Every structure is written in C-alpha cells, then in structure tokens.
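Here is what each chain is made of, one letter per residue.
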Amino acid sequence: HGLKQGSGAPGLKGRCPTGFRYHPGSTHLNQMISSLPASGKLRDILRSHYSANACLLPLCQLHGAAVTTVEGIGSTKTRIHPVQERIAKAHGSQCGFCTPGMVMSTYALLRNKPQPTMDDITEALAGNLCRCTGYRPIVEGCRTFCQEANCCQANGSLCPCLDGEKPQLFDKLDLLPLDPTQELIFPPELILMADTSPQTLTFHGERVSWVSPVSLEELIQLKAKHPKAPLVMGNTNIGPDMKFKGILHPLIISPTRVKELWLMCFLSAGVWVGAGCSLSELHSVLKKLVPQFPEEKTEVFRALNRQLGNLGSVQIRNVASLGGNIVSAYPNSDLNPILAVGNCKVSVISRGRREVPLNQDFFVGFGKVILQPEEIVVSVFIPFSRKGEFVQALRHAPRKEASFATVTAGMRVMFSESSRVVQDISIYYGGMGPTTVSAAKTCQAIIRRPWDDETLGQAYDILLEELALPPSAPGGKVEFRRSLTLSLLFKFYLEVLHKLKAMVPEKIQPLPREIQPVLPLLHQPVSKDQGNHDAVGRPMMHRSAISQATGEAVYCDDLPKIEGELFLVVVTSSRAHAKITGLDVSEALQLPGVVDVITTKDIPGKKVRTFCGYDEELLAESEVSCIGQMICAVVADTKAHAKRGAAAVKISYEDLPDPIFTIEEAVEKSSYFEPRRLLQRGDVTEAFKTVDKVYEGEIRIGGQEHFYMETQSMLVVPVGEEMEFNVYISTQWPTLIQDAVAETLNISSNRVTCHVKRVGGAFGGKVTRTSVLASITSVAAWKTNRAVRCVLERGEDMVITGGRHPTLGKYKVGFMNDGKIVAADIQFFANSGNTVDESPLVAEKMVLHMDNAYNIPNLRGRGAACKTNLPSNTAFRGFGVPQSLLIVENMINDVAMVLGCPIQEVNMYRGPSTTHYKFEFNPENLLRCWEEGKRRSDYSARRAAIEQFNQQNRWKKRGISIIPIKYGIAFSDGFLNQAAALVHIYKDGSVLVSHGGTEIGQGVHTKMQQVASRELHIPPSKIYISETSTNTVPNTCPSAASFGTDANGMAVKDACQILYQRLEPIRKKNPKGTWESWAKEAFMEKISLSATGFYKGPDLYLDWDKMEGQPYAYYTYGVSCSEVELDCLTGDYRTLRTDIVMDIGKSVNPSVDVGQIEGAFTQGLGLYTLEELKFSPFGLLYTRGPSQYKIPAVCDMPLQLNIYLLPDSENPYAIYSSKGIGEPALFLGSSVFFAIKDAVAAARSDSGLKGPFSLNSPATPERACLASASPFTQKVPASKPGSFKPWALDI
Ligand SMILES: Cc1cc2nc3c(=O)[nH]c(=O)nc-3n(C[C@H](O)[C@H](O)[C@H](O)COP(=O)(O)OP(=O)(O)OC[C@H]3O[C@@H](n4cnc5c(N)ncnc54)[C@H](O)[C@@H]3O)c2cc1C
Ligand code: FES
C-alpha cells in the first residue's frame, strides 16, 4: 500500500499519473513527513521535515514517522493555515485538485525555512503540476512569505502604480501572519517509541511481505537468503515497477533503519557517503562541503550538485537514495556519468566487503550493474578533484525541471600545470544507449593534445561515430540526441577555455530563472455608486478556494464507500485494427474479489452511443478499431482485485490489414467522417492570377492530452427500487450522462439523477467520453445491483479517452509586394481517431475561424475529419480554433519571411467588416487590443534590442512575436444556447442557487453567486451553491464553448429577479426590515420563495450551402506578445516576458477571468511548445503519464507575465456586458511558438539560411534545435525516410 490507499484522507489527492516506469511531476505531493534523526553523523544534519509523494511512499516505511496531510495543518472548523489562506486568496486554486499538493509543498518548505527565497519556492513547487492556473497566482501567494522585493515596484518604470493604476487582485495586508511557533510538534509518543531499542519489523500483506532489519549483519543475512528481494529505500524505482508494470516482489527488504547505510566519513582524498542517504541529503551535504575546501578540490562535488538541483523534483530527491540511483542504472541517470568521470567507487558488502569502481565495466545493461544479487552497496566514495582538473555536469531534458534527461553527461579534463595540453580526459553520456556509456575513443583522440578548436573539431567526428544510434532507437529523437552529444561537448570545451582564462569566443550564460513579481493587474474598477453587497465586477475569490486548500473539498472519488460497493476496471484492446476471435473471462472470474465481467451482451438497452449521426459501440463486440478501445469491464470488491481480474481476461484477435494512423494515410484512402466542410468568399482561383507572389506551405500540429488533474471518475448507485439510479460523476454535461445511462439501461430519464459537485479539471474532455464510460459503469451497477465506482488511472485515461485533434494544415497564399494578402486557399485535416465523436464539428470550427483578425478578400477553406485507427479525439478547449489559427498565423509568418517585413497590420480587419461567412461586425476592439498590446509590451523598442542581442551572440538568440485573436462565442448549434436555474430562498434568508453549469474550475459557481448577490441585493455570503444536478435543473447544456456564464448567468438573473419582485410587497410594507425578516414574512404570507429562471439564447446557425449565417453571438478579442531566449545548442528556451491584452467586456469577476486567461495561455504554451504525444508504429500511445508527457510546470512560466483587461469595452450580448473567456486565450500561447520561430530564424541566418522554413508544433527543444541548423546539427547525417521503421509515428 502507498500512503494514499492506506489513509482515506481526502486531501491526499491524486490519480497516480503515470502508466510507465518513472513518475516525475506527480500531482500528489500532498504530505509532509517528519522523522527523528537516526543515530549516526549524517543524520545530524538532516532536515527532519520533508515533503513526499503519497503514491510512492510505502505505508510500512512510515513506522515511527509523523505524517502531516493538508487536513492536519488547518481547517475551516478550527483555523486555516496561512499557506492555505494565501494560495486561496491569491486565486491560486481553480478546480482545486492540485491545491493540497501545492499547500503541502510550501508548508514543508516553510517548516524548514520560514523565510524562503523565490528560488526556494520555485524549487519546492517544481514537482507539482497544475493544469488550471498557469502557476502565476500560486507563486504570487507563496511570494508573500518571501523577504525579497514583494512589490511591483521591482519592475521599475514599467509599474502601472506609477501611472496611478493601483488595482490589486488580492490584498496583501489582509493575510494571516505566519507564526512558526504555532506549528504542530513532533508527537511525544513517537519520541518515546524511538527511545526503546529497535527491533526487526515484519508486515505481511495479501501477496507481499515486508521486512525491516535493524543491523547490517541481519541485512546481509536476509539478502543472502533472498537475493531476489529488492532493497527498498526511496521506492522511486521499485514502487512504479510494482504499481504500473505489475511486477510482484513477494518479499521486500527495507534497510532504512540500518545506520551503516547513513554514515559519512571524511578522508584526505574525499568523502564516503552512506548509500542510503537521500539525494536531498547528498545535495545539502555537498553544498555545505564546497565552501570548506579550495575550489580546485571540489570540482566533482559541484558537478554533482548541479545535477542534483535538476534531478526529479524535491519530493523525489527527499526519498530517492544515492545507492538506489546507482544500482537502478537508468540509461539516462544523471549521477552515474559524473560518478564515473569523477573516479568514484562503491563499497559493497555480502559475506565479504569489496570496493568496486564506478566505470564503464560497472554498468552492464539496461538497469543492470556488475554486482551480485546478494551484494549491498554500503557507501559511495566521492574523491576530491586535483589541481588542473575540471569537471562538468551537462544535461538536456524535454522540460527544464522534474524531467528525466534526453541526454546527460559528465565530463572531466585534466591539464598539467600551466599547460593547455590534455593530460587526462573522461567523458560519459546517459541517454545514448541502454546504459551509461563512456566515450573512450573520443577521449583517446583528445588526450595529449592541446585544448583547442582543431583537437575538438576532430573529436566531434569520432564522437559521432562512437555513439551512433540506430535510426529506430527506442526513445526516438535520434538526430537530436546525436547532435546533443556534440553540442554538450562543445559547451564543456567553452567552459574549460573560460576557466583556463583563454580567449573565449562567447561565454554561454545559463537561461535566466528568476520569476518576477507581476505588475498589478489592470482590471476594471467598479463604479463608486455600486453597493458594498454587490459583488459583480469585484475580484472575488473562487467560492470553494478555502475548502480546496484545506483538503475539505469533495471530488467524486472522495465520496465515502457505500456498503457492498464494487470497483470497475475496463479491459481495452491491444490491437489497432482486428477481429475479436475469442474472449475468455473464466480465469478472471476465479480470482479473489472478482464479482463479474461486463460485456456488450450484458447491456439491456442501447449498445451504442450516437454522435454526429454515427454509432459508437460502448463495448466492442466483434471488431476493434484502435488500441485502447473498451472491450469489457471487470468489477470486483476492490480496485486491486479488479485490476488483477482485468489483467487475467484473455482476448484473442485476428489482425485486419492496413490500419490507418497518419493523416496522410487517411487522405490517401479517403477515410473521413462526413460531412467535410467548405467555406469560401471571392474568387480564389482568379485572384491568384493577379498577385505579385504565391507561396505554398504546410504545418503540422500535434495533439494534446487534456491532463485534467482529476481523471475520469464516477460512482453509479442503484437506489434499489423502480430502476432508479443516482450517478455521482465528474462531467461537464450532467444531462448527457443522464440520457446515456437511461438509454443504455433502457429506462426513462426520470429514473436517473446525475450529481456533479465539482470537477477536478475538464477542458472539454469530460463530455462525450465520460458518457460512454458512465454507460458501461451503469450496466455493471444494474447487473450486480450494487454501487459501482470507476476512476481511471492516468495511464488508462490517456490511452482510452483521446484529446485534441492533431492537425495538418496546407495553404497556398497569394500576396502583393506591400504585404497585402489577396487570396488564400487553406486545407485543414484533423486526425479524429476511430470514432466520430464531435470531429466534424471541430473541423467546422477550424474553417469558421480561419480569417482570425485578417480581412482576406478571396478566401477558401476546407475542413476534414480523418478517420484513423487511433483512440478517438474529442472536444478540447478551443475546439479546433487553436489548430486552425496556428496554421493561419504560420501562413502570415511565411509571407512576412518571404517579404522580410511584418504584414499582420496591413491585413487586419478595419472599420465595419464582414467575415467570410457574411457576418457583419465591428473590429474596433480588436484594433484597440492590438495597439494596447504593442504599447504595453513596448514592442518596437524590444524588437530593436533583440536584434542587437542577436548580433552579439552566436549560440543564444532571442525572438519576439505579437499575435491577435478574434474568437467567436456561443454554440453555433443554436439550440444549445439556453439555460435554466432554480433559486430557493429559505425562511432564514439563506439562498440556494442551482443552475445548469458545472463547476470545472472556471469559477462559474462564484460568478453565479455574484449575479444572485446583485439581483437579490444581498451579500454573496448568504448565497450557497451545492451542486449541479439533473433533478433540480433539467435538460441542461454542456459547460463549454466559453458560454457558461453568459447562459447560466442570465437564467440565475431571471430567477432572482422573479423572486425579488415577489418580495416587493413585503419590502414595501416593511422598508426597514432585514432580508431575513422579509423572507420569513413572505413565508407567513404564503408567497412562493422558489423560482426557476430561463434564458433563451441567440438562434445561431450557419447555412453551409449558402456559406453564410451568424454562428456566434459576438467575438472576444485579445493580443499577446512574448519574448523568448533560445539556447541554439540544445533548443532550450525560456519565455522572458509575455504581455496579454484581452477584451472581455466588463468582467463579472476580474480575478476569475484573469485566471482563465493565464490558465488558457499556459495550456496553449504547452500545446505549442512542449506537449508531445508519441505513438508506436502499431498505434500504441507511448506517452501515458507525466514522465513521458510534459505539461507546463512552474519552470515554464514566463519570467514576467502581465495581463491587461481592455478598459471601456461594452458587450450588449452577454450578462452585465461581460464576455466569454474560457477558451480564447489558449491560442495566445502561440506567441511563444512564434517567438521561438523568430529566434530560430536569427540562428539560421547566422548559418546563412534565409526565408521561410518549416517548424512544426510543438516547437520542442528538439525541433527548435534542429531547425536552428547549428554546425553540430548539420554534422549529424539524417536517416533517409522510408529506409527504417521510426520509433514513433508522425500522426
Ligand atoms: C518522478 C521521478 C523522477 C526522477 N528523475 C530522475 C532524474 O531526473 N535523473 C535521475 O538520474 N534519476 C531520476 N529518477 C530516478 C531516481 O533518482 C531513482 O529512482 C532513485 O535514486 C532510486 O533510489 P531509491 O532509493 O528510490 O530506490 P529504490 O526504488 O528503493 O530501489 C531501487 C533499486 O536499487 C536497489 N538498491 C537500493 N539501495 C541499494 C543498496 N544500498 N545496495 C544495493 N542495491 C540497492 C534496490 O534493490 C532496487 O532494485 C527519478 C525517479 C522518479 C520516480
Ligand atoms: S487548480 Fe491546479 S489543477 Fe486545477
């Protein structure tokens, strides 16, 4: 058991988010462990409080330790803790699922360091992922604990305070002080327990036994007797293996109480460090040692420290042991290359003791070292470096923090006194094969030669040959990895030259890290006449933020277990396209706890769900069309039993020919979901004949995983009579779930009630896919007549539920020499996967938005949803617009590159305008955003500064870009633009509001509370929203299309106005009465205190035959300007600054809206620069957890992020003149993509390459580095496409 299963504490949030070996970036870092120092010198310097990942921490290992979860530090019943308060008040909690983790990481830091620096804070938060906020508000909340400059004044003349603008989103003076003396103490009973003499501990589980010896002798004997039993120290390698790969170790030995493994011993030649020492302990020991010795002696220590600062996250380093890291022998271990070049060795013991050098003979294969199974590493010797010796650690990872390295290296060179001739050199790489590898031949070529260009120039060629990777090497990125070996060596070369005080062509500074305080955010102050009770327009905190920060907020899986409840695990196809020839569940049914296996035959009602006119089977019957398609489901008494049952189901297949994976294959075979869409205006073909130039290009955009922190979760409870069911579920559309369950069980909708309390993130992914899962779960509940819970693990969720459509855009564009585009012909191909879902609608929206901010007189666009044998893709924030606009903006960018001047402005809509679907609108606010964006970002001056920077730097380049958006709000299917609400006033004056929107983190409930507060003229504190349910508000529409507040706000307003009117006679009779007295009086006078409200939204439509209509209610506009710095040698980049100006009318809640803008921007930044789905050539998703799939972390935040809300904007089409904001800002993340592209263009120009070039999205370091065409990337021969089977597909 990990701590999560063992505790039952709701604050221990988390869906173990990995499906594979490693586990960086876990979401559930939500506890602090306090332990007493063990005896032994090393432990004396230990911190006794540390944060750890709940999922990886074995319960047995916590014997004698005190565990503090988020519930333990503060609660609304007693007193909340300042950390909880500050994260909540700074608006750092949206869906709240990550909040306990953020709180506990910060809390653990403050227990050890009550006045942290910003660096400490970003380090503490590095391993925590948040999908909603964009991190800025979390960091700002934590910043209030820092002593450092806490104010916007740090931004000098840019600070709007100086212009008299002083709006704040939260008041720093209104915060509880942090008083370290009030913190929990270490439990005295544990101190007493530790004083008694320790004894061997043994625990027996169903299948696993755990022994924890206390002496080295006992440990040696145990290991000799059970050589196969692993030694579990930090459990960061063994834990994920057991959890996700199903590896069973019947016996586990836990030597954490053997003090010899913690000892440290200083010698004149170096230091022996106990192998049990955690990586954090090693880090702090080395940090303390470095200043005590002359610099020349601590080269290895410093190199290790550099790597330790980047390895995993604090929570991993707090538990992962040094010995465990060495013995785990990861191919891309960060420490092993340095330990090897540093001439380190290990002392091992079994029946005898021996010392073994950590050199190339030590690492014998993937995860294998030369030691005998019964041998135990007791300690590790790290020697001092010698005079004339230089050691460096280098690494490149897909994300700067909490990410395993793509390539990592240790390099050491030794010169004899005052000479530049190499006396000795050692180079080791990780990530270049199954083990840590030595570049021995390369070293041979350098040794005894001068450290200069010529020597190194020859060494690169040898290195390239020595560390050749086959083109289909596991992990892919072959050319990139090969070029990295060269560029990392080059970096080492420059660094050593610098240390030798030689003339260095360019000192490469590391990318900047310091996150700056935000400028106070410009929001729209409410008018002076607005009453105090009226919360509309004010930055009100998310109404559940405090509950979320204290861990009290209840998510679907926090619901207590119901008597007899079962757990459901689905069994999915392992083939992309095959006939099912056999399904054998007999073995599964024999297993302990397994109750039943549900197949399609068990479904009493409709066996399919129908989307866009196509039927989709709930459970496959005779044929499968993708890996991950659901075939059957096992229900058992526990999750563990259901998982074992699912693993025992045997399915045989007969492969069908020619599966289709890529867009190109689909196009070639005309494999589409109909209808395909065409929109055009003008005469494109004729117009091409009239232009100065024509350019054709294309760009590919990868898909995106929703990565909501709460995976798909549901609990279906049979009421027990008359076929009635309660469904507790994490969904954006309760009515769809109700319909689906009713149809599947062949019952009427009035027997199914869906309840949605809150959703831990959704982003479009909790609509259609959730309905299919809910249907299956309901069949299990119906058949067994027991409550059934289904909560997907991260890996399952990623394989089964699809995400954003990968898209290929092709365009032909005709333009004049002044930059004016006269004609464009664009094609959008969306990889839709194996079922239709909403794909044709996504393709439609691509075509509808293709004009963006530009008035192109002759414009033609075609959108097609391609049918492939991959998991079905679905709605995702922006619904096709983020792909469409990247294609369009890339086309604009290409034209600008052909002409060598910017062309956005000359093509923008101006004055009264008409779109390509003949809809008239006024682009004035778009242009105002554009001008404000240029002004706020100081665009022209910075562009000039960047040009100068780029001239002065060869290996670092900066780039800047500014991007506009015009985004249509509401559903183009007019019937979906409706909403209802139900408002009750109770006799005590308290108000309960129900409406059709679901709280998915976007703050809709908070905004509805504000609306009710204005309409009823009472403070928001009197208003409560409990849940969204289909028995209070029926026939709802999805919380989607950025339309939730617009629609539900009007319905709530309507209901409240009705009630307020009804109270009018009472109010008139007793004008001095209180709200409470009126409510009571109304009851006495038999006035109904309950009302429904309704909103009939606009009848939007598009006539595809006539190519005209009004598909949107209005547009939300925005502009974003981003600047990046790119390391051309590795492709690493950092966003230095982003300024966003958004026109959202008059915001109902500026803090919530700013949160939506930042969150969407960050998700866009992930889409366009970081997040990469990888599929095997057989259609299997490799990237099934946070270790392989990188969403933005705190290290990806722009160093400076400023959000401005356009002032004086009115919108007659939405509530209180506001505008929908959930989706539009996502596309603005592309400003980072185009800034990277701009920096790459500068690098290419140094290599003599000019004009447009191809850079697909995401612009990962790999793509940016290869496109930069440095001399190192150019040295690596490209493998001929078609001559090998690539490791991953370009889908
Ligand atoms: C999320 C995450 C991110 C990570 N990121 C990085 C990274 O960026 N860079 C990197 O290099 N590593 C990274 N790691 C790997 C991590 O550093 C190792 O898993 C860790 O150091 C292993 O130590 P442990 O104590 O947890 O090992 P355990 O899982 O407890 O044990 C691992 C193995 O080592 C053996 N073992 C342990 N101690 C001894 C001993 N004293 N003598 C003999 N055998 C022993 C065990 O028998 C077992 O087989 C990451 C791991 C995770 C989970
Ligand atoms: S608030 Fe962080 S994941 Fe939702």
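Residues numbered from 1 in each chain as written. Chains lettered and ligands numbered in written order. Predicted model: local features only at pLDDT ≥ 70, side-chain atom pairs only at ≥ 80, totals over all residues. Heavy atoms only, no water.

## A look at the overall build of the protein
Thought 1: Within the protein, the regular secondary structure consists of 39 helices and 47 strands.
Thought 2: In terms of C-alpha radius of gyration, the protein reaches 31 Å, essentially the compact-globule figure of 33 Å for 1291 residues.
Thought 3: The buried share of the protein, reckoned over its 1291 residues, is 65%.
Thought 4: For the protein, the share of sequence-separated contacts (at least 6 apart) that also reach a separation of at least 24 residues comes to 79%.
Thought 5: Accessible area for the protein stands at about 45400 Å²; split by element, carbon and sulfur atoms hold 53% of it. (Helix = DSSP H or I, 4+ residues; strand = E, 2+ residues; numbered from the N terminus. Rg over C-alpha atoms; globule rule 2.2 N^0.38 Å. Buried < 20%, exposed > 50% of the residue type's maximum accessible area, 1.4 Å probe, protein only. Contact = heavy atoms within 4.5 Å. Areas by Shrake-Rupley, 256 points an atom, 1.4 Å probe, with all protein chains shown as cover.)

## Focus: the pattern of salt bridges
Thought 1: Scanning the model with the defined rule gives 62 salt bridges in all.
Thought 2: Among the salt bridges present, the one from Lys345 reaches Glu355, with a minimum N-O distance of 3.1 Å. Separated by 10 residues along the polypeptide, Lys345 in strand β9 (residues 345-349) and Glu355 in strand β10 (residues 353-357) bring together distant segments of the chain.
Thought 3: With relative accessibility at 26%, the residue Lys345 sits in the partly exposed group.
Thought 4: Between Arg769 and Asp837 there is a salt bridge, and its shortest N-O distance comes to 2.9 Å. Here the residue Arg769 occupies a position in helix α25 (residues 768-784), and Asp837 occupies one in the loop between β33 (821-833) and α27 (839-848), the gap between them amounting to 68 residues.
Thought 5: When its relative accessible area of 0% is taken as the criterion, Asp837 is described as buried.
Thought 6: Put simply, Arg386, Glu389, Arg412 and Asp424 are held in one network by salt bridges that share partners. (Salt bridge = Lys/Arg side-chain N within 4 Å of Asp/Glu carboxyl O.)

## Things to note about the packing of aromatic side chains
Thought 1: Inspection of every chain in the model, using the stated rule, returns 25 aromatic pairs.
Thought 2: Here Trp451 and Tyr493 contribute two aromatic rings whose centre-to-centre distance is 5.7 Å and whose plane-to-plane angle is 55°, an arrangement assigned as tilted. A residue pair is termed long-range when its members are at least 10 positions apart, and Trp451 in the loop between α16 (440-446) and α17 (453-466) and Tyr493 in helix α18 (residues 478-499) qualify at 42 residues.
Thought 3: Residues Phe490 and Phe1272 carry aromatic rings whose centres are separated by 4.9 Å and whose planes lie at 40° to one another, so their mutual orientation is tilted. Taken together, the residues Phe490 in helix α18 and Phe1272 in helix α39 (residues 1271-1275) connect sequence positions 782 residues apart. In this pair, the class of Phe490 matches that of Phe1272, namely buried.
Thought 4: In textbook terms, an aromatic cluster arises when at least three aromatic residues are bridged by ring pairs, as seen for Phe390, Phe415, Trp451, Tyr460, Phe490, Phe492, Tyr493, Trp955 and Phe1272.
Thought 5: Over the aromatic face of Phe688 sits the side chain of Lys812, whose NZ or CZ is 4.5 Å from the ring centroid.
Thought 6: We note Arg954 situated over the ring of Trp955; from NZ or CZ to the ring centre the distance is 4.5 Å. (Phe/Tyr/Trp six-rings, centres within 6.5 Å; stacked < 30°, edge-to-face > 60°. Lys NZ or Arg CZ within 6 Å of the ring centre and 35° of its normal.)

## Concerning the sheet that holds strand β14 (residues 389-396)
Thought 1: Reading across from one edge, β14-β15-β16-β17 is the order of the four strands in this open sheet, with antiparallel pairing throughout. Among the strands making up the open sheet, the edge pair consists of β14 and β17 (437-438).
Thought 2: Note that β14 and strand β15 (residues 407-415) share eight bridges and pair antiparallel. Note on β15: the bridge partner recorded for Phe390 is Val413.
Thought 3: Lying over the sheet, α18 contacts β14, β15 and β16 (422-430), oriented at roughly 145° with respect to β14. (Pairing = 2+ DSSP bridges. Axes fitted to C-alpha atoms, helices over the stretch in contact; angles between N-to-C directions.)

## Description of the nonpolar core
Thought 1: Core analysis: the largest hydrophobic core is formed by 144 residues, its most contacted members being Leu679, Ile826 and Val991.
Thought 2: Top contributing element to this core by residue count: helix α28 (residues 881-899), with nine residues.
Thought 3: Setting aside residues no more than four positions away along its own chain, Leu679 makes contact with Val847, Leu848, Met850, Leu859, Arg860, Gly861, His916, Tyr917, Leu1102, Trp1104 and Met1107.
Thought 4: Ranked by size, the runner-up nonpolar core spans 58 residues in total, among them Ile80, Val83, Met104 and Phe661. (Core = buried A, V, L, I, M, F, W, Y, C linked by side-chain atoms within 4.5 Å.)

## With respect to the pairing of strand β18 (residues 566-572)
Thought 1: For β18, the buried fraction is high: six of the seven residues fall into the buried class.
Thought 2: Bridge count for β18 against strand β31 (residues 788-791) is two bridges, and the pairing is parallel. Paired with Phe567 across the bridge in β31 is Arg789.

## A short note on unusual backbone geometry
Thought 1: Glu674 connects to Pro675 through a cis peptide bond whose omega is 0°.
Thought 2: Structurally, Pro675 is set in strand β26 (residues 672-681).
Thought 3: Backbone torsion omega between Ser1257 and Pro1258 reads 5°, so that peptide bond is classified as cis.
Thought 4: Among the structural elements, Pro1258 can be located in the loop between α37 (1230-1246) and α38 (1261-1268).
Thought 5: Positive phi, close to 50°, is recorded for Ala329, a residue that is not glycine.
Thought 6: Mapping Ala329 onto the fold places it in the loop between α14 (322-328) and α15 (335-341).
Thought 7: What makes Ala329 buried here is its relative accessible area of 3%.
Thought 8: Phi at Met1107 is positive, roughly 60°, even though this residue is not glycine.
Thought 9: Note on placement: Met1107 falls in the loop between β43 (1101-1103) and β44 (1108-1110).
Thought 10: Residue Met1107 is classed as buried on the basis of its relative accessible area of 14%.

## Here's the deal with the pairing of strand β5 (residues 209-212)
Thought 1: The alternating pattern of β5 places Ser209 and Val211 and Trp210 and Ser212 on opposite faces, both of which are buried.
Thought 2: Here four bridges tie strand β4 (residues 201-204) to β5, and the two strands are oriented antiparallel to one another. When the sheet's bridge partners are listed, Phe203 is paired in β5 with Trp210.
Thought 3: Once β4 ends, the chain turns through four residues before running back antiparallel as β5.
Thought 4: Here three bridges tie β5 to strand β6 (residues 251-253), and the two strands are oriented parallel to one another. Of the residues in β6, the one forming a bridge with Val211 is Ile253.

## Regarding helix α24 (residues 734-745)
Thought 1: Along its 12 residues, α24 runs 17 Å from first to last C-alpha, staying within 8% of the 16 Å computed at 1.5 Å per residue.
Thought 2: Most of α24 is tucked away, with 10 of its 12 residues classed as buried.
Thought 3: Along α24, the residues that are buried comprise Pro734, Thr735, Leu736, Ile737, Gln738, Ala740, Val741, Ala742, Thr744 and Leu745.
Thought 4: On its buried side, α24 packs onto β21 (608-611), β29 (725-729), β30 (752-756), α25 and β41 (1028-1029).
Thought 5: Of the residues trailing α24, Asn746 is marked for its positive phi of about 60°. (Expected span 1.5 Å × (residues − 1).)

## Points about the UniProt feature "binding site: Mo-molybdopterin" (unreviewed entry) in the protein
Thought 1: UniProt's feature table lists "binding site: Mo-molybdopterin" (unreviewed entry) at Gln732, Phe763, Arg877 and Ala1041, given in the numbering used throughout. Look at the named residues: they lie 310 residues apart in sequence, but the longest C-alpha span between them is just 12.2 Å, so in the fold they bunch up.
Thought 2: As for its position among the elements, Gln732 is in the loop between β29 and α24.
Thought 3: On the basis of relative accessibility, which here comes to 2%, the residue Gln732 falls in the buried class.
Thought 4: Excluding its chain neighbours within four sequence positions, the residues that come into contact with Gln732 are Ala762, Phe763, Gly764, Gly765, Lys766, Val767, Thr998, Ile1000, Pro1038 and Ser1039.
Thought 5: A relative accessible area of 10% places Phe763 in the buried class.
Thought 6: Those residues in contact with Phe763, other than ones at most four positions away along the chain, are Arg131, Cys132, His706, Tyr708, Gln732, Ala875, Phe876, Arg877 and Gln1163. (UniProt positions renumbered as here; feature names shortened; annotations may be inferred.)

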